[in-house]
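So the chains spell out like this:
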Amino acid sequence: MSKPAYQRVLLKLSGEALMGDDPFGINRATIERMVADVAEVAKLGVQVAVVIGGGNIFRGVAPGAQGMDRATADYMGMLATVMNALALADAMRHVGITARVMSAIGIEQVVEPYVRPKALQYLEEGKVVVFAAGTGNPFFTTDTAAALRGAEISAEIVLKATKVDGVYSADPKKDPHATRYESITFDEAIAKHLQVMDATAFALCRDQKLPIKVFSIVKPGALTRVIMGEDEGTLVHV
Ligand SMILES: Nc1ncnc2c1ncn2[C@@H]1O[C@H](COP(=O)(O)OP(=O)(O)OP(=O)(O)O)[C@@H](O)[C@H]1O
Ligand SMILES: O=c1ccn([C@@H]2O[C@H](COP(=O)(O)O)[C@@H](O)[C@H]2O)c(=O)[nH]1
């Protein structure tokens, strides 16, 4: 069998995708399927760090946050990602994966704080590290947290696992004529205002020469195919 194309990856899991077909929250079958995908690549010896979103629970820019102080709403959003991270680590434990949740916000009774050398140690020990609470700062997103943590841990690539199977010329959920790119440069994605990730995340990855692969978390086997370097999703590159 051929070898994985990467040794260390930063996997950004969409919070929204965790809902499955439910209107909000965490769908059990969906989280179990996602974790099975992660288990498959962890078994290949790939070091996996995860950043989980919070869109299935709360977003600082959601209608429910209207009238709230933005920073307060954003802290709520970050706390939502902590809940998802706990659920994810627990689901991993059920399938025999040792996971460690590290939070960018101090919440020591619940999870340990993010300490970079400790995260690197866990990865080298073969544990999956789940980064919770985004960057720890309001006015950012978990996509930016993925870019930041990916650069910090010297990941070879950021894998954005989402509900769509790549980067399109327009939001494929809104425009049926949108076409998918096989690859696209960071500058092009930013210039065209492609909303699949925020511009801050694109710019950080561009400056750090950290490629991003956008692919579907819903498509069976897609994560393993990406890890094996097979044709899947869209590569965003310098
Ligand atoms: N040009 C585009 N190409 C592909 N997807 C796009 C584009 N523009 C907008 N989108 C939308 O971007 C969304 C990205 O989804 P995703 O759930 O990963 O977002 P997210 O904000 O990172 O989620 P969460 O915050 O829950 O983690 C897709 O659902 C897709 O409809
Ligand atoms: O660094 C961060 C990360 C997230 N937030 C807030 O949390 C929600 C949920 O994150 P998503 O990336 O949208 O899944 C986000 O909308 C922000 O409100 C943050 O403030 N800082």
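Cut-offs used in this document
Residues numbered from 1 in each chain as written. Chains lettered and ligands numbered in written order. Predicted model: local features only at pLDDT ≥ 70, side-chain atom pairs only at ≥ 80, totals over all residues. Heavy atoms only, no water. UniProt positions renumbered as here; feature names shortened; annotations may be inferred. Pairing = 2+ DSSP bridges. Helix = DSSP H or I, 4+ residues; strand = E, 2+ residues; numbered from the N terminus. 1 Å grid on protein atoms, 1.4 Å probe; cavity = no way out; pocket = protein on both sides within 12 Å on 5 of 7 lines; lining within 4 Å. Points joined across faces, edges and corners; volume = space filled by probe spheres on them. Nonpolar A, V, L, I, M, F, W, Y, C, P; charged D, E, K, R; others polar. Core = buried A, V, L, I, M, F, W, Y, C linked by side-chain atoms within 4.5 Å. Buried < 20%, exposed > 50% of the residue type's maximum accessible area, 1.4 Å probe, protein only. Contact = heavy atoms within 4.5 Å. Polar contact = N/O pair within 3.5 Å; in protein donor to acceptor, adjacent residues only side chain to side chain.

As annotated in an unreviewed UniProt entry, the protein carries the name Uridylate kinase and comes from Massilia aurea. UniProt annotates the protein under Function (unreviewed entry) with the comment "Catalyzes the reversible phosphorylation of UMP to UDP." Quoted straight from UniProt, the Sequence similarities (unreviewed entry) entry for the protein says "Belongs to the UMP kinase family."

**Quick notes on the sheet that holds strand β4 (residues 112-113)**
Strand order in the open sheet formed by nine strands is β4-β3-β5-β2-β1-β6-β8-β9-β7, and the pairing between neighbours is mixed. Of all the strands in the sheet, just β4 and β7 (183-185) have a single pairing partner and so form its edges. The pairing of strand β1 (residues 8-13) with strand β6 (residues 157-162) spans five bridges and is parallel. Looking at β6, one finds that K12 is bridged to K160.

**Comments concerning the layout of surface pockets**
The calculated volume of the largest pocket comes to roughly 1200 Å³. Residue lining of the largest pocket: 48 residues in total, with R59, D143, K160, Q195 and V196 positioned closest to the centre. Residue assignment for the lining of the largest pocket shows that the elements contributing at least two residues are α2 (70-94), α4 (142-152), β6, α5 (186-191) and α6 (199-207). Looking at side-chain class alone, the lining of the largest pocket contains 17 nonpolar, 19 polar and twelve charged residues.

**What about the nonpolar core?**
One finds L11 and M92 to be the most contacted residues of the largest nonpolar core, which totals 43 residues. At the level of elements, β1, α1 (28-43), β2 (47-52), α2, β3 (99-103), β5 (128-132), β6 and α7 (222-227) are the ones that each hand at least two residues to this core. For this core, the element with the highest residue contribution is α2, accounting for eight residues.

**Concerning the environment of M197**
For M197, the position within the fold is in the loop between α5 and α6. Separated by 54 residues in sequence, M197 and D143 place their C-alpha atoms 6.4 Å apart. The residues touching M197, leaving out its near neighbours within four places in the chain, are D143, K160, F202 and I212.

**Digging into the side chain of K127**
You can see K127 is positioned in the loop between α3 (116-124) and β5. Assessed through its relative accessible area of 17%, K127 is described here as buried. In terms of polar contacts, K127 uses its side chain to reach the side chain of E125, at 2.5 Å. Among all residues touching K127, those that are not within four sequence positions of it are V48, T98, R100 and Y122.

**With respect to the UniProt feature "binding site: ATP" (unreviewed entry) in the protein**
Look at the UniProt record and you will see "binding site: ATP" (unreviewed entry) annotated at K12, L13, S14, G15, G55, R59, T162, Y168 and D171. Of the residues just listed, which span 160 residues, the most distant C-alpha pair is 23.4 Å apart, and they do not cluster in one region. None of the other annotated residues line the largest pocket; only K12, S14, G15, G55, R59, T162, Y168 and D171 do. Inspection of the secondary structure assignment puts R59 in the loop between β2 and α2. With sequence-adjacent residues up to four places away left out, R59 is seen in contact with E16 and A65. A distance of 2.5 Å separates the side chain of R59 from the side chain of E16, its partner in a polar contact. Looking at the secondary structure, you find D171 in the loop between β6 and β7. The exposure class assigned to D171 is partly exposed, which follows from its relative accessible area of 36%.

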